[in-house]
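The chain contents come next:
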Amino acid sequence: MKNILFLLSFISFYSFATTAINISNEDLYIESNKIEILKEKNEIHFLGNLKIANNYMRISAEKAEYNSKNKILNIIGNNAEIISNSSDSNFSGHAKKIIVYDNNSIELSGDAYLENDGIKFKSSSIRFNQKDGKILN
């Protein structure tokens, strides 16, 4: 009986899947090998070959967790990468963790590296605006 309850506690999609979530009135399009929906935790987990994109940036990593209550997307990978998609702002970087917040900001955390218009930043944590690439305090 416990096994049946455990299996019913989440829904998984085991094939390659594409979906969109809305953060800051911007749609993020997400592709991954597997999607798990955990309704009781208000979370969606994206696992394997993760690719995320919107009008401003592209991210590649191994996995991500989206909390629909807080509207925060935590992206995790040995070297999660982010690249600007906008001709108005030229940035790229990588970190162990990338966090997309509901206020259009992105945080690179853990061996964070960001290059923006030829200026290189290296820190344990870097937070910037995804629309214009400007560093935030």
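Reading the values: the criteria
Per-chain numbering applies: the sequence of each chain, read as written, is numbered from 1 onward. With the structure being a predicted model, the display of local features is reserved for residues of pLDDT at least 70 and the display and counting of side-chain atom pairs for 80 or more, all residues being used for whole-chain, interface and lining totals. Excluded from the side-chain calculations are hydrogens and water; all other atoms, namely the structure's heavy atoms, are used. Going along the chain from the N terminus, every DSSP run of H or I of four or more residues is numbered as a helix, and every run of E of two or more is numbered as a strand. Note on exposure labels: buried denotes an accessible area under 20% of the residue type's maximum, exposed denotes more than 50%, and partly exposed covers the range between, all computed with a 1.4 Å probe on protein chains only. Contacts are residue-level and defined by heavy atoms, with any inter-residue pair within 4.5 Å sufficient. Accessibility throughout is a Shrake-Rupley quantity obtained with a 1.4 Å probe, and a residue counts as covered only by protein chains that appear here. Identification of polar contacts relies on pairs of N or O atoms within 3.5 Å, with a donor-acceptor requirement for protein atoms, meaning one able to donate a hydrogen and the other able to accept it, and with residues adjacent in sequence counted only if both atoms are side-chain atoms. Here pLDDT means the predictor's own confidence in every residue, given as a number from 0 to 100. Residues grouped as a nonpolar core are buried Ala, Val, Leu, Ile, Met, Phe, Trp, Tyr and Cys residues, joined through side-chain atoms within 4.5 Å. Detection works on a 1 Å grid of protein atoms alone, calling trapped sets that fit a 1.4 Å probe cavities and calling open sets with protein on both sides within 12 Å along at least five of seven lines pockets, with lining residues defined by an atom within 4 Å of a point. Grid points are joined across faces, edges and corners, and a volume is the space filled by probe spheres set on the points. Just so you know the grouping, Ala, Val, Leu, Ile, Met, Phe, Trp, Tyr, Cys and Pro go in nonpolar, Asp, Glu, Lys and Arg go in charged, and all remaining residues, Gly too, go in polar. At least two DSSP bridges between two strands are needed for those strands to be called paired.

Description of the overall build of the chain
Consideration 1: Per the secondary structure count, the chain includes one helix and 10 strands.
Consideration 2: Mapped in sequence order, the helices and strands of the chain form the string α-β-β-β-β-β-β-β-β-β-β.
Consideration 3: Counting across all 137 residues of the chain, residues that qualify as buried make up 41%.
Consideration 4: In the chain, the proportion of contacts linking residues at least 24 apart, taken out of those at least 6 apart, comes to 34%.
Consideration 5: When the accessible area of the chain is evaluated, it comes to approximately 8000 Å², of which 49% is carbon and sulfur surface.

So, the side chain of glutamine 130
Consideration 1: For glutamine 130, the position within the fold is in the segment after strand E10 (119–129).
Consideration 2: A polar contact of 2.8 Å, which involves the side chain of glutamine 130, links it to the side chain of asparagine 54.
Consideration 3: If we skip the residues at most four places from it in the chain, glutamine 130 touches Asn54, Tyr56, Met57, Phe91, Val100, Asn104 and Ile106.

Here's the deal with the confidence of the model for the chain
Consideration 1: For the chain, mean pLDDT is 85; residues scoring 70 or higher make up 88% of the total.
Consideration 2: Across residues 1–15, where pLDDT falls below 50, the model places 20 contacts with residues more than four positions away in sequence or in other chains.

Looking at the nonpolar core
Consideration 1: Counting 28 residues, the largest nonpolar core has Leu73, Ile75, Ile82, Val100 and Leu108 as its most contacted members.
Consideration 2: Elements that contribute at least two residues to this core include exactly strand E2 (17–23), strand E3 (26–32), strand E5 (43–53), strand E6 (57–67), strand E7 (72–84), strand E8 (91–100), strand E9 (105–116) and E10.
Consideration 3: Examining the composition of this core, we find that five residues originate from one element, E6, more than from any other.
Consideration 4: With near-sequence residues (within four places) excluded, isoleucine 75 lies in contact with Leu50, Ile52, Ile59, Ala61, Lys63, Ala64, Ala80, Lys96, Lys97, Ile98 and Val100.

Regarding the layout of surface pockets
Consideration 1: Its volume calculated, the largest pocket comes out at about 150 Å³.
Consideration 2: Thr18, Tyr29, Ile30, Glu31, Lys51, Ile52, Ala53, Arg58, Ile59, Ser60, Glu81 and Ile83 together form the lining of the largest pocket.
Consideration 3: At the level of secondary structure, the elements contributing two or more residues to the lining of the largest pocket comprise E3, E5, E6 and E7.
Consideration 4: Considering only residue class, the lining of the largest pocket consists of six nonpolar, two polar and four charged.

Section: the pairing of E6
Consideration 1: Two elements, E5 and E6, share nine bridges in a ladder whose sense is antiparallel. Residue pairing for E6: phenylalanine 46 is matched across the bridge by alanine 64.
Consideration 2: Hairpin connection between E5 and E6: a loop of three residues separates the two successive antiparallel strands.
Consideration 3: Two elements, E6 and E7, share nine bridges in a ladder whose sense is antiparallel. Paired with asparagine 67 across the bridge in E7 is isoleucine 72.
Consideration 4: Linkage of E6 to E7, two consecutive antiparallel strands, is achieved through a turn of four residues, within which lysine 71 is found at a positive phi near 55°.

Topic: unusual backbone geometry
Consideration 1: A positive phi angle, close to 55°, is found at asparagine 42, a residue other than glycine.
Consideration 2: Positive phi is not limited to glycine here, since aspartate 111 has a value of about 50°.
Consideration 3: Its location among the elements puts aspartate 111 in strand E9.

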